[in-house]
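Fold and contact review
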Amino acid sequence: MKRFLRASGLMVLLSLGVPSMSAAESGKEGRTLEDILSQIPDKELGKLRGGRDAAALAEVSKKLSAAEATKAATLRVKLDKAEEWDFPNQGNVKGWRVQSEVERLRAAGLYLEGRVTLYIKQEAVSELPKFRSGAEFLVTGQVSRCDVLQPSNGKTILNVDIQVSKLVEAKK
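Bear in mind that the values here come from a model prediction, so they are computed numbers and not experimental data.

Generally, phi is negative for residues other than glycine and the peptide bonds are trans, each holding for most cases. The backbone of Thr-70 sits at a positive phi, close to 70°, despite the residue not being glycine. Topologically, Thr-70 is positioned in the loop between helix H4 (54–68) and strand S1 (72–86). The exposed category is assigned to Thr-70, whose relative accessible area is 61%. One non-glycine residue, Ala-108, lies in positive phi territory at about 55°.

Reading fine detail from the predicted coordinates is not recommended where pLDDT is low. Summarising the model, the protein chain shows a mean pLDDT of 83, and 84% of its residues fall at 70 or more. Every residue in residues 1–27 is under pLDDT 50, and counting partners more than four places away or in other chains gives three contacts.

Applying the stated criterion across every chain yields a total of nine salt bridges. The residue Arg-97 makes a salt bridge to Glu-83 at a minimum N-O spacing of 2.5 Å. Here Glu-83 lies in strand S1 and Arg-97 lies in strand S2 (residues 94–100), a separation of 14 residues in the sequence. With a closest N to O distance of 3.3 Å, Asp-86 and Lys-94 form a salt bridge. Asp-86 sits in the partly exposed class, given a relative accessible area of 46%.

All right, on to the environment of Trp-96 then. Among the structural elements, Trp-96 can be located in strand S2. Along the sequence, Trp-96 and Asp-86 sit ten residues apart, while their C-alpha atoms lie 7.5 Å from each other. Look past the residues within four positions of Trp-96 in its chain and what remains in contact with it is Glu-83, Glu-84, Trp-85, Phe-87, Leu-118, Tyr-119, Ile-120, Gln-122, Val-125, Ser-126, Glu-127 and Leu-128.

Moving on to the pairing of S2. As paired strands, S1 and S2 are joined by seven bridges and run antiparallel to one another. Bridge assignment links Leu-79 to a residue of S2, and that residue is Ser-100. Bridge analysis of S2 against strand S4 (residues 110–121) gives five bridges, and the strand direction is antiparallel. Paired with Val-98 across the bridge in S4 is Leu-118.

The next thing to look at is the pairing of strand S5 (residues 136–149). As defined by bridge partners, S1 adjoins S5 across seven bridges and the pair is classed as antiparallel. Looking at the pairing, Lys-78 lines up with Glu-136 of S5. Taken together, the twelve bridges between S5 and strand S6 (residues 157–169) define a ladder with antiparallel strand orientation. Counted as the bridge partner of Leu-138 is Val-168 from S6.

Right, let's talk about the nonpolar core for a bit. Formed by 36 residues in total, the largest nonpolar core has its most connected members in Leu-118, Ile-120, Leu-158, Val-160 and Ile-162. Broken down by secondary-structure element, the contributors of at least two residues to this core are helix H2 (33–37), H4, S1, S2, strand S3 (103–107), S4, S5 and S6. Residues in contact with Leu-158, not counting those within four places in the same chain, are Leu-33, Leu-37, Leu-64, Leu-105, Glu-113, Gly-114, Arg-115, Cys-146, Asp-147 and Val-148.

If you trace the backbone, Thr-74 turns up in strand S1. In contact with Thr-74, not counting residues within four places along its chain, are Gly-30, Arg-31, Val-139 and Thr-140. In terms of polar contacts, Thr-74 uses its side chain to reach the side chain of Thr-140, at 3.1 Å.

Let us look at the layout of surface pockets. Of the volumes computed, that of the second largest pocket is approximately 170 Å³. Taken together, 13 residues line the second largest pocket, and the ones lying closest to its centre are Gln-99, Ser-100, Arg-115, Thr-117 and Asn-159. Listed by contribution, the elements that provide at least two residues to the lining of the second largest pocket are S1, S2, S4 and S6. The residue makeup of the lining of the second largest pocket, split by class, is two nonpolar, four polar and seven charged.

The rules behind these values
Residues numbered from 1 in each chain as written. Predicted model: local features only at pLDDT ≥ 70, side-chain atom pairs only at ≥ 80, totals over all residues. Heavy atoms only, no water. Helix = DSSP H or I, 4+ residues; strand = E, 2+ residues; numbered from the N terminus. Buried < 20%, exposed > 50% of the residue type's maximum accessible area, 1.4 Å probe, protein only. pLDDT = per-residue confidence, 0-100. Contact = heavy atoms within 4.5 Å. Salt bridge = Lys/Arg side-chain N within 4 Å of Asp/Glu carboxyl O. Pairing = 2+ DSSP bridges. Core = buried A, V, L, I, M, F, W, Y, C linked by side-chain atoms within 4.5 Å. Polar contact = N/O pair within 3.5 Å; in protein donor to acceptor, adjacent residues only side chain to side chain. 1 Å grid on protein atoms, 1.4 Å probe; cavity = no way out; pocket = protein on both sides within 12 Å on 5 of 7 lines; lining within 4 Å. Points joined across faces, edges and corners; volume = space filled by probe spheres on them. Nonpolar A, V, L, I, M, F, W, Y, C, P; charged D, E, K, R; others polar.

Here it is, written out as structure tokens:
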């Protein structure tokens, strides 16, 4: 009887759409910036070549933001540098801002720089783990920004900001 109740309880959870385990627990080692870019068709990304089509840039940024912003994510990120950070407009909240290494990405014949910025509140992670530049971490949190910019220097930059809830060193 107990076995039946456990099985029926599991079926109820599955029918409600409750996941049985997180992506990190299931063995998936986090998404990459390439995974984020893959949501945009090559034809649309190709329009960004040359850096002159403001409408295409706005459209790609809009689609990336709709697909990622305000959603939970687990990304695999190589960290570069950290600094203490006071969260503006949030009272007396302390924490860190951590920059990733700049990644060179290629999609649809377009070269991009990928940059991830992590915002970590002390209440979420009591102590920032020690790391050397280039150390890989699995970062879980809520995406607060995901867009593409083309500053005047001709580069195309994918920016992703994450409000971190969990930060663990990635397994090699």
